[in-house]
Amino acid sequence: MLFYSPEFFPFFAIVFALYWFLPWQRARTWVLLAASFYFYASWNHWLALIIAVTSVVDYLVARGLDESQSQWQRKLLMGGSLVMNLGLLAYFKYMNFFLDSLEASLQAAGASVSIPTLQVILPIGISFYTFEAINYTVDVYRRRVPAERNLSHFLLFITFFPHLVAGPIVRARDFLPQIAQQKRWNWPRMQLGVEYFLLGLFKKLAIADRLAAVVDPVFADANAFSTTSVWLAVLAYSIQIYCDFSGYSDMAVGLAHMLGFKLARNFDMPYFAANISDFWRRWHISLSSWLRDYLFIPLGGSRGSSWQTYRNLMVTMTLGGLWHGASWTFVIWGVLHGSYLIIYRLVQQTWPERSRLGETTLGRVAGMALTFLCVSLAWVCFRAPDFSTAARVYGGLLAFRGGERLPMTQTGIIWIFIAVIAAHLVGQSPAWKRRILQQAPAPVVGLGYAVLLAAVILLVVQNSQPFIYFQF
Amino acid sequence: MIVRPYANKSRATILWGVFFIAAIVGVCQIFLPRWANITGDANYTIRRDRLQQRLSATQAAHAGERPKLVVALGTSRVYHGLDGEVLEQELRAKLGPNVCFANFAAPATTPFHSMVLLGRLLRDGIQPDVIVIEAFPHCFEASRPQENYFVPNYISMCAGDEDWLNEHHIPVRIAQEDRRGVAIYDYRTEVLRLCAPHLLPKSEIKSLQTFANTSDTWGSGMIPLDRDPKRLQDALAHAKSEYFATYQNADWRDKHFDILRQLLEECHARNIATIVMTTPEGPIMRSWYREGGYDNFVERLAAVTRGCDSQLVIGTQWLEEEDFVDSHHMFAPGAAKFSARLSREAIGPALQQQAIARKSSNAVRR
């Protein structure tokens, strides 16, 4: 069940109606919990059992951490929880990757080995809910948040269906207090939820899925396409992945608002980032802040020498790449971004006057363009299923050759780029947002919602893609 | 990104939004497909629109009397092989000027596609008096894929096709991986074609500029005479690579005969006269059949047409090798000969019989 599946709408309508009909917050919590397990079980009910069991274990571990005063006991509990969560993640997501890599290494060393592949189903959303569980137990260990005493509240924190399968990764200290609060019907909040949901739907179905028709053939056989086509496909993929992932996040945020919950914003006009560091403050904010707080800073962050900082950056970004998928291409993507961040720091430290140049309008625009280009080139590794595909795409970018043209007209692709840039400009401008949303009369804004939905209906492709981030 | 509005205005906005969404969804999902009769598939709609214009003009020129209509369905052999101008002239010479012909043949099609096209014509209010249906032996052979499928850029699935096929219990197969290559038309494609064609995938835009756009007034595409030896040699070699094996095998299976029979029965129920024909093949292609294979095919066809009160025309040997590009697609002069003979020997008499049958049923009603 996806947010735009036909079966999702009656599901959400029932949950929404039941939720707001019941006046008791406790009953509402159970409704959401039941709905969230049903939502997850619609993929695979056995995997729903796994998430239930691991969540109960984490709940008990956190209660133990809260009540125990013994340092070694607390470390043992914390370690046990980390081993369980990371162990499950490693088994379901990375075991075959490790085994294949081991087999390849042994064969490269001359050994004749064949290691069997494990038949495992990847639990959907495991990367997301595992990180949420880890951030909770670590925060309880550090005594930054008290352990949640109500099991249903904790289970809802982990399994809340809007964010369950593809984020945003919520922090316990932000979400748990909201569960206990009595929710009241709030028209502005409903409107906000509807707007986020419609916008996310448009980004995903009208833009991301349409651009997939341009991107997929090029990545399937880059050698057949002209250099211009390969460049357009690479840039189109940057837009596709942004619209796909931010579209999903917007839908999740919208649904949460409609149920009275606030989820943190996950994207902030990332392609308007003036530099790579700014990009990571705007892209997948919940993951980048998680990596900063639970990996980069514990490694030492930027508190040590420059070399230590660079090492910490590279380790964080490499593991961040690996988090996305069990493949060396994701690792290389992470390494690329680690390299970008290191180079940026080096430049800042070596030429501080360059920072002042970046504050001018021209400098800012140049910075945005360069950042977008670097990020787009890195996306090639992210999208390519293997190195040979990535190599062919990179080769196509530099080949200056003719070849097949894209399955969509260049005009169509350019119109989509212009629409996305225009939306970014409106999104960046508080004055425009006020003019459009606050000052326009209610019927006009309501008509705008309907036009947006009509555009989705018209532009949705016949064969919609699953969300890209579902595979993580 | 989103600014927080005020409570009363938010309520009004949401309620207006619900109202407009219901209206637009109603228009998009209910009104447009049902009443606007948008079917898409340019190869069909372009020729349909031309036919409707000609029918209106002919009717207006004949004191409002509905023209007699002959429609041809089949493969590229019929698309290139029926010269609409010659055919209409022959029919008008015999039956008067109030006759129209339209060619809806498309390359790589089978009786399954002819059934689909019949459904579309009827849904669009076009009721032919006579339908000429090609029976191309290659389509009925066992080694050919038995799945009923749409052919991108030649005949694409439209809104209404699936319901029509389900009504007749004809399964349609579109593999998931083929869906993106098959332009499945519905009102959305038509609206985008009008408002924002650049947002359509090129395969759909290409369909909009495809063979139907370059076909003549009657929907046919005549092949100019060109006896370049290299071209003829390559064309024949290509034909052999495509059809020799199936003709050698000549294992005729039931599936397409069944669909053909359903098509004929449907026409019979609607008082549409049908002519099932085998189009001409050159001596070279005729030599590819295994012993008895062709005769067996004709027998099977005869059994189907007998049971459905349909006329069977065996035109296989009507032309000589020099009339063909590749021993089965006719040059324009060959098409003219074939069309003239078909209209004299089969279509004209069928139309006359239809006219007589209509007059007697009108007399009975009075």
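Just so you know, the residues in each chain are numbered from 1, in the order the chain's sequence is written. Each chain is given a letter, starting from A, and each ligand a number, starting from 1, according to the order in which they appear as written. A pLDDT threshold of at least 70 governs which residues receive local features in this predicted model, and a stricter bar of 80 or more applies before side-chain atom pairs are shown or counted, although totals over entire chains, interfaces and linings include all residues. Side-chain metrics rest on all non-hydrogen atoms present in the structure, leaving aside hydrogens and water.

### Remarks on the overall build of chain B
Then comes step 1: Helical segments are the DSSP runs of H or I of at least four residues, strand segments are the runs of E of at least two, and each set is numbered from the N terminus. Scanning chain B for helices and strands turns up 15 helices and five strands.
Then comes step 2: In what follows, residue pairs with any heavy atoms lying within 4.5 Å of each other are defined as contacts. A separation threshold of at least 6 residues defines the contact pool for chain B, and within that pool the share at least 24 residues apart is 84%.
Then comes step 3: In short, Shrake-Rupley with a 1.4 Å probe defines the accessible areas, and a residue's cover is counted only from the protein chains shown. Only carbon and sulfur atoms are counted for the fraction: they give 53% of the accessible area of chain B, which is about 16100 Å².

### Remarks on the pattern of salt bridges
Side chains that differ in sign of charge can pair as their charged atoms come close.
Then comes step 1: Between Lys or Arg on one side and Asp or Glu on the other, a salt bridge is scored when a side-chain nitrogen of the former is within 4 Å of a carboxyl oxygen of the latter. One pass over the full model with this rule turns up 29 salt bridges over all chains.
Then comes step 2: It is possible to trace a salt-bridge network through shared partners that takes in Arg63(A), Glu67(A) and Arg149(A).

### A word on unusual backbone geometry
Then comes step 1: The phi dihedral of His284(A) is positive, around 40°, even though this residue is not glycine.
Then comes step 2: As for its position among the elements, His284(A) is in the loop between helix 11 (276-282) and helix 12 (285-299).
Then comes step 3: Not every positive phi belongs to a glycine, and His169(B) is a case in point at roughly 55°.
Then comes step 4: When you line up the elements, His169(B) lands in the loop between helix 6 (161-167) and helix 7 (176-179).

### Looking at the packing of aromatic side chains
For any two aromatic rings, the description comes down to two numbers: the centre-to-centre distance and the angle of the planes.
Then comes step 1: Classification of ring pairs uses Phe, Tyr and Trp, with its six-membered ring standing for Trp, and accepts pairs whose centres are within 6.5 Å; under 30 degrees between planes counts as stacked, over 60 as edge-to-face, and the remaining range as tilted. Taken as a whole and assessed by the stated rule, the structure comprises 69 aromatic pairs over all chains.
Then comes step 2: Ring plane angle 80° and centroid distance 5.1 Å describe the contact between Phe128(A) and Trp323(A), whose orientation is recorded as edge-to-face. Separated by 195 residues along the polypeptide, Phe128(A) in helix 5 (residues 126-141) and Trp323(A) in helix 13 (residues 306-324) bring together distant segments of the chain. Here the two residues Phe128(A) and Trp323(A) agree in accessibility, since each one is buried.
Then comes step 3: Its end group placed over the ring of Trp323(A), Lys93(A) keeps NZ or CZ at 5.4 Å from the ring centre.
Then comes step 4: Lys240(B) extends its terminal NZ or CZ atom over the ring of Phe244(B), reaching a point 5.0 Å from the ring centre. Partly exposed residues are those whose accessible area sits between 20% and 50% of the maximum for their type, while under 20% is buried and over 50% is exposed, using a 1.4 Å probe and protein chains only. A ring is considered to have a charge above it if a Lys NZ or an Arg CZ atom is located within 6 Å of its centre and within 35 degrees of its normal.

### Structural notes on the confidence of the model for chain B
Then comes step 1: Confidence per residue, as judged by the predictor, is encoded in pLDDT with a range of 0 to 100. Chain-level pLDDT for chain B is 84 on average; 83% of the residues reach the 70-or-more range.
Then comes step 2: The ipTM value of the predicted complex is 0.79, and its pTM value is 0.73.

### A few points about a nonpolar patch on the surface
Then comes step 1: On the surface, a nonpolar cluster with roughly 350 Å² of combined accessible area is contributed by Trp46(A), Leu49(A) and Val53(A).
Then comes step 2: By the element assignment, Leu49(A) lies in helix 3 (residues 45-67). Patch definition: residues with relative accessible area over 30% and no salt bridge; like charges joined within 9 Å; nonpolar side chains (Val, Leu, Ile, Met, Phe, Trp, Tyr) joined within 5 Å.

### Points about empty space enclosed by the protein
Residues and elements named next belong to chain A.
Then comes step 1: Here a cavity is any set of points on a 1 Å grid over the protein atoms alone where a 1.4 Å probe fits but cannot get out, and a pocket is any open set with protein on both sides within 12 Å along at least 5 of 7 lines; a residue lines the site when it has an atom within 4 Å of a point. Grid points are joined across faces, edges and corners, and a volume is the space filled by probe spheres set on the points. Under the definition given, this model contains five cavities of 30 Å³ or more.
Then comes step 2: The computed volume of the largest cavity comes to approximately 70 Å³.
Then comes step 3: As for the largest cavity, its lining consists of Ile50, Thr54, Ser55, Asp58, Asn85, Leu88, Ile126, Tyr129, Thr130, Ala133 and Ile158.
Then comes step 4: Listing elements by their share of the lining of the largest cavity, those giving two or more residues are helix 3, helix 4 (71-108) and helix 5.

### Structural notes on the sheet that holds strand 5 (residues 311-314) of chain B
All names here are of chain B.
Then comes step 1: Pairing between two strands is assigned when DSSP locates at least 2 bridges connecting them. In space, the five strands of this open sheet follow the order 2-1-3-4-5, with parallel pairing throughout. The open sheet has two edge strands, strand 2 (99-103) and strand 5, and neither has a second partner. Here the strands of the sheet are splayed against their neighbours by 20° on average, with no regard to which way each runs.
Then comes step 2: Relative to strand 4 (residues 273-278), strand 3 (residues 130-134) runs parallel, the two being bridged by five bridges. Paired with Glu134 across the strands is Met277, a residue of strand 4.
Then comes step 3: Note on definitions: angles span 0 to 180 degrees between N-to-C directions of axes, and those axes are lines fitted to C-alpha atoms, for helices only across the stretch in contact. Strands in contact with helix 2 (residues 42-61) are strand 1 (68-73) and strand 2; relative to strand 2, the strand with the most contacts, it is inclined by about 175°.
Then comes step 4: Sheet strands touched by helix 14 (residues 293-307): strand 4 and strand 5. Its angle to strand 5, the strand with the most contacts, is close to 160°.

### Some words on the environment of Met330(B)
Then comes step 1: By the element assignment, Met330(B) lies in the loop between strand 5 and helix 15 (332-365).
Then comes step 2: Setting aside anything within four residues of it in sequence, one finds Met330(B) in contact with Arg77(B), His80(B), Gly81(B), Ile223(B), Pro280(B), Leu319(B), Asp323(B), Phe324(B), Ala335(B) and Phe338(B).

### Focus on the environment of Tyr196(A)
Then comes step 1: For Tyr196(A), the position within the fold is in helix 9 (residues 187-220).
Then comes step 2: Measuring from C-alpha to C-alpha, the distance between Tyr196(A) and Gly254(A) comes to 4.7 Å, with 58 residues separating the pair along the chain.

### Observations concerning helix 2 (residues 25-41) of chain A
Then comes step 1: With 17 residues, helix 2 of chain A should reach 24 Å at 1.5 Å per residue; the first-to-last C-alpha distance of 24 Å fits that figure.
Then comes step 2: Of the surrounding secondary structure, the elements contacted by the buried residues of helix 2 of chain A are helix 1 (8-21), helix 3, helix 5, helix 6 (151-159), helix 7 (161-164) and helix 8 (172-180) of chain A. Helices are assigned an expected span. That span is 1.5 Å times one less than the residue count.

### Observations concerning the state of the cysteines
Residues and elements named next belong to chain B.
Then comes step 1: Criterion for a disulfide: a pair of cysteine sulfur atoms within 2.5 Å. Summed over all chains, the structure comprises zero disulfides over all chains.
Then comes step 2: Cys267 provides the cysteine sulfur closest to Cys100, a residue in no disulfide bond, and the two sulfurs are 19 Å apart.
Then comes step 3: When its relative accessible area of 0% is taken as the criterion, Cys100 is described as buried.
Then comes step 4: Of the cysteine sulfurs around Cys308, a residue in no disulfide, the closest is that of Cys267, at 9.6 Å.

### Comments concerning the pairing of strand 4 of chain B
Then comes step 1: By the criterion of burial, strand 4 of chain B is predominantly enclosed, with six of the six residues buried.
Then comes step 2: Because side chains alternate across strand 4 of chain B, one face comprises the buried residues Ala273(B), Ile275(B) and Met277(B), and the other comprises Thr274(B), Val276(B) and Thr278(B), equally buried.

### A short note on helix 1 of chain A
All names here are of chain A.
Then comes step 1: Its 14 residues place the ends of helix 1 20 Å apart at the C-alpha level, agreeing with the 20 Å of an ideal helix rising 1.5 Å per residue.
Then comes step 2: Considered for burial, the residues of helix 1 that qualify are Phe8, Phe11, Phe12, Val15, Tyr19 and Trp20. Projection of helix 1 onto a plane perpendicular to its axis shows the buried side chains occupying an angular sector of 140°, all on one side. Across from the buried face of helix 1, at angles greater than 90 degrees, the exposed residues are Ile14 and Phe21. The arc refers to the directions leading from the helix axis to the C-beta atoms.

### Notes on the packing of helix 14 (residues 328-350) of chain A against helix 16 (residues 361-383) of chain A
Residue and element names in this part refer to chain A.
Then comes step 1: In contact at an axis separation of 8 Å, helix 14 and helix 16 are set at 160° when each is read in the N-to-C sense. With respect to helix 16, the axis of helix 14 lies roughly antiparallel. Pair helix 14 / helix 16 crosses with right-handed handedness. Contacts from Thr329, Phe330, Ile332, Trp333, Leu336, His337 and Tyr340 of helix 14 reach helix 16 at Cys374, Val375, Leu377, Ala378, Trp379, Cys381 and Phe382.
Then comes step 2: By residue class, the composition of the contact of helix 14 with helix 16 is 12 nonpolar, two polar and no charged. Throughout, the term roughly parallel applies to angles under 35 degrees, roughly antiparallel to angles over 145, roughly perpendicular to angles from 65 to 115, and oblique to all others. Crossing handedness: left-handed means the near helix sits turned counterclockwise from the far one by under a right angle, and right-handed means the same turn made clockwise. Any residue outside Ala, Val, Leu, Ile, Met, Phe, Trp, Tyr, Cys, Pro, Asp, Glu, Lys and Arg is labelled polar, Gly included; the first ten of those are nonpolar and the last four are charged.

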